[in-house]
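Below, each chain spelled out in residue letters.
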Number of protein chains: 2
Amino acid sequence: MPKTSQAAGLHRASLAKLHDLDASLELMYYGWRGMTLEADDYLARQGLSRPHHRILYVVARRPDIAIGALIEILGISKQALNRPLNLLLERKLLTSTRAPEQHRSKLLRLTAAGQRIEQKASDHERKVMRRAFERAGPSGAAAWMAVMEAIADNN
Amino acid sequence: MPKTSQAAGLHRASLAKLHDLDASLELMYYGWRGMTLEADDYLARQGLSRPHHRILYVVARRPDIAIGALIEILGISKQALNRPLNLLLERKLLTSTRAPEQHRSKLLRLTAAGQRIEQKASDHERKVMRRAFERAGPSGAAAWMAVMEAIADNN
DNA sequence: CTTCTAAAGTCAACATAGTTGACATGAAGG
DNA sequence: CCTTCATGTCAACTATGTTGACTTTAGAAG
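Okay, so let's go over this structure. (Residues numbered from 1 in each chain as written. Chains lettered and ligands numbered in written order. Predicted model: local features only at pLDDT ≥ 70, side-chain atom pairs only at ≥ 80, totals over all residues. Heavy atoms only, no water.)

**Here's the deal with unusual backbone geometry**
Next up, step 1: Positioned with a positive phi, Lys92 of chain A is a non-glycine residue whose angle comes to about 60 degrees.
Next up, step 2: Here Lys92 of chain A shows up in the loop between helix H4 (78–90) and strand S2 (94–98). (Helix = DSSP H or I, 4+ residues; strand = E, 2+ residues; numbered from the N terminus.)

The structure is reproduced here in C-alpha cells:
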C-alpha cells in the first residue's frame, strides 16, 4: 500500500509536436491523471488504491452483484480480484451474503462506511469534471462526451 | 513482459448512474482504454509496453534529452526508469552519447528502429483520436481539447 | 593534483497489480 | 449420488513502481 503519495504535480511537458494530433494524445494522458490525482491521494490516505475504488464504484451501482459479474465488469481475473476484495471485506466496507433463494453465488453490497468512502473518492473525480464542464458550458460538455464515446467504442 | 494480451473487449458496463457526472467518469476510464488498447497490443507484440512507449515518445520529441530531464518529464524515479531504458538501449531503439562539450550528462536519441516503433505505436493512438474528431467535427474537437485542458490543469 | 559535487548507474528490499495453472469447497440440479 | 458451476485459495511468475544506500564518472574549484 503506498503512503500519502503527494500530488506529483508533473507539469504538462512542453514537447515538440511532431504530428497535429500529438497534443490530443498528451491531453488524454494528463486528463486521466488530472481526474484521478486527488481521488488517488484520498484513497491512499485510507490505505486503499484505484482497484479498491473500482470495486466500490461498481458495487455501489450494482448492489447485490455476484463475484462473477464483478469480474466481468472489472475485466480482471478472479485471482486478481481476490486480494483487494478481501481487504474491503475485512475492513467491513463491503458485505458478502448468500441470498435465500439463490445460494449459489455471493451477493456483494456496500456497508455505510463503504458507501462513504466510495462517495468521497468519486466526489473528488466528479469535482474535477464539474469544474471543467462549467468552463466549457453545456455544449462543450456534450461535445466532450460525444468525442469520448467515439474513442471508447473506437468505431 | 506480457505476451500478446488480446484486446479484452470489456464492454462498457451498464451501471446505474447515481450522479449526473458518473457517465463522464466512466467515459474517461473507457476513453483512456480505447485510445491505448491497440497501441498496447502492438507494443506487446514487440515485447514492449506502455513505459517503453512513454520513453520513446518523449525522446522523439526532445532529441538529445538528458536522463535527468527525462525522469522529470516522466515523473518516475531513476531506478524505475532504469530497466525499461536499458532494454531500449540493448535493443538499439535508443542511443546514449556524451556530447563533445557537455560530457557530464548522456544524451538520448532514437535510432531508426526506435523511430519506427514510436511512430507505429503513436499512430495507433492518433488513429483513434482522428476518427473521433472526424465524427465530432472541428468545433467538437476544439471543445474536447478545451475540456481536457481544464481537467489536466484542474483549475 | 586533489577534492568536492552533480549526473548517472547499480543493488537490495519491498509493495502493488496483474497473470496462469492447479486444485479445493460448497450448493444446485438431474 | 454425481456432476456442474460459482467461488475460494495456493503457488509461481511478470511488470511496474517505490526508498535507501551505495559506486562510478567526470567536470569544477581549490
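**With respect to the interface of chain B and chain A**
Next up, step 1: Each partner contributes residues to the interface: chain B has 59 residues there, and chain A has 59 residues.
Next up, step 2: Of the roughly 5,800 Å² buried between chain B and chain A, counting both surfaces, carbon and sulfur atoms make up 69%.
Next up, step 3: Taken together, the connections running from chain B to chain A amount to four salt bridges.
Next up, step 4: Between Arg61 of chain B and Asp22 of chain A there is a salt bridge, with its nearest N and O atoms 2.8 Å apart.
Next up, step 5: For the side of chain B that touches chain A, the elements supplying multiple residues, two or more each, are helix H1 (22–45), helix H2 (50–61), helix H3 (67–74) and helix H5 (112–153) of chain B.
Next up, step 6: No other element matches the 23 residues that H5 of chain B contributes to the side of chain B that touches chain A.
Next up, step 7: Residues of the side of chain B that touches chain A, tallied by class, amount to 32 nonpolar, twelve polar and 15 charged. (Contact = heavy atoms within 4.5 Å. Buried area = accessible area lost by both parts, 1.4 Å probe. Salt bridge = Lys/Arg side-chain N within 4 Å of Asp/Glu carboxyl O. Nonpolar A, V, L, I, M, F, W, Y, C, P; charged D, E, K, R; others polar.)

**Remarks on the packing of helix H2 (residues 50–61) of chain A against H1 of chain B**
Next up, step 1: Close contact between H2 of chain A and H1 of chain B brings their axes to 13 Å; oriented N to C, the two are set at 140 degrees. Judged by the angle between their axes, H2 of chain A and H1 of chain B are oblique. Where H2 of chain A crosses over H1 of chain B, the handedness of that crossing is left-handed. When H2 of chain A is examined against H1 of chain B, the residues Arg54, Tyr57 and Arg61 of chain A are found in contact with a partner set consisting of Asp22, Leu25, Glu26 and Tyr29 of chain B.
Next up, step 2: Classifying every residue of the contact of H2 of chain A with H1 of chain B gives three nonpolar, no polar and four charged. (Axes fitted to C-alpha atoms, helices over the stretch in contact; angles between N-to-C directions. Parallel < 35°, antiparallel > 145°, perpendicular 65-115°, else oblique. Left-handed = near helix turned anticlockwise from the far one by under 90°.)

**A few points about the sheet that holds strand S3 (residues 106–110) of chain A**
Note: strands within a sheet are paired through backbone hydrogen bonds, in either parallel or antiparallel orientation.
All names here are of chain A.
Next up, step 1: Taken in spatial order, the three strands line up as S1-S3-S2 in an open sheet, and their pairing is antiparallel. Either end of the sheet is taken by a strand with one partner, and the two such strands are strand S1 (65–66) and S2.
Next up, step 2: Across two bridges, the pairing between S1 and S3 is antiparallel. Residue Ala66 lies in a different strand from S3, and its bridge partner there is Leu107.
Next up, step 3: H4 contacts S2 and S3 of the sheet and is inclined by roughly 95 degrees relative to S2. (Pairing = 2+ DSSP bridges.)

**So, H5 of chain B**
Count 3.6 residues to each turn of an α-helix, and residues three or four apart come out pointing the same way.
Residue and element names in this part refer to chain B.
Next up, step 1: The end-to-end C-alpha distance of H5, which contains 42 residues, comes to just 34 Å, noticeably less than the 62 Å that a straight helix rising 1.5 Å per residue would cover.
Next up, step 2: Where H5 bends most, at Gly137, the angle is about 120 degrees, and the proline Pro138 comes one to four residues later.
Next up, step 3: Directly after H5, the chain includes Asn154, whose backbone phi takes a positive value near 50 degrees. (Expected span 1.5 Å × (residues − 1). Bend = angle between axes of the 7 residues up to and from the residue.)

**Focus on the packing of H2 of chain B against helix H4 (residues 78–90) of chain B**
Helix packing geometry: the angle between the two helix axes and the distance between the axes.
Residues and elements named next belong to chain B.
Next up, step 1: Between H2 and H4, the shortest axis-to-axis distance is 10 Å and the interhelical angle comes to 70 degrees. Relative to H4, the element H2 is oriented roughly perpendicular. Along its contact with H2, which presents His52, Ile55 and Leu56, the element H4 presents Leu81, Pro84, Leu85, Leu87 and Leu88.
Next up, step 2: Within the contact of H2 with H4, the residues separate by chemical class into seven nonpolar, one polar and no charged.

**Some thoughts on the sheet that holds strand S2 (residues 94–98) of chain B**
All names here are of chain B.
Next up, step 1: Taken in spatial order, the three strands of this open sheet run S1-S3-S2, and their pairing is antiparallel. The strands lining the two open edges of the sheet, one partner per strand, are strand S1 (65–66) and S2.
Next up, step 2: Each of S2 and strand S3 (106–110) is contacted by H4, which is oriented at about 95 degrees to S2, the strand it contacts most.

**Points about the nonpolar core**
Next up, step 1: Core analysis: the largest hydrophobic core is formed by 86 residues, its most contacted members being Trp144 and Ile151 of chain A together with Trp144 and Ile151 of chain B.
Next up, step 2: Leaving out residues up to four positions away in the same chain, Trp144 of chain B has contacts with Ser24, Leu27, Met28, Trp144, Val147, Met148 and Ile151 of chain A together with Met129 and Phe133 of chain B. (Core = buried A, V, L, I, M, F, W, Y, C linked by side-chain atoms within 4.5 Å. Buried < 20%, exposed > 50% of the residue type's maximum accessible area, 1.4 Å probe, protein only.)

These figures capture arrangement, not role.
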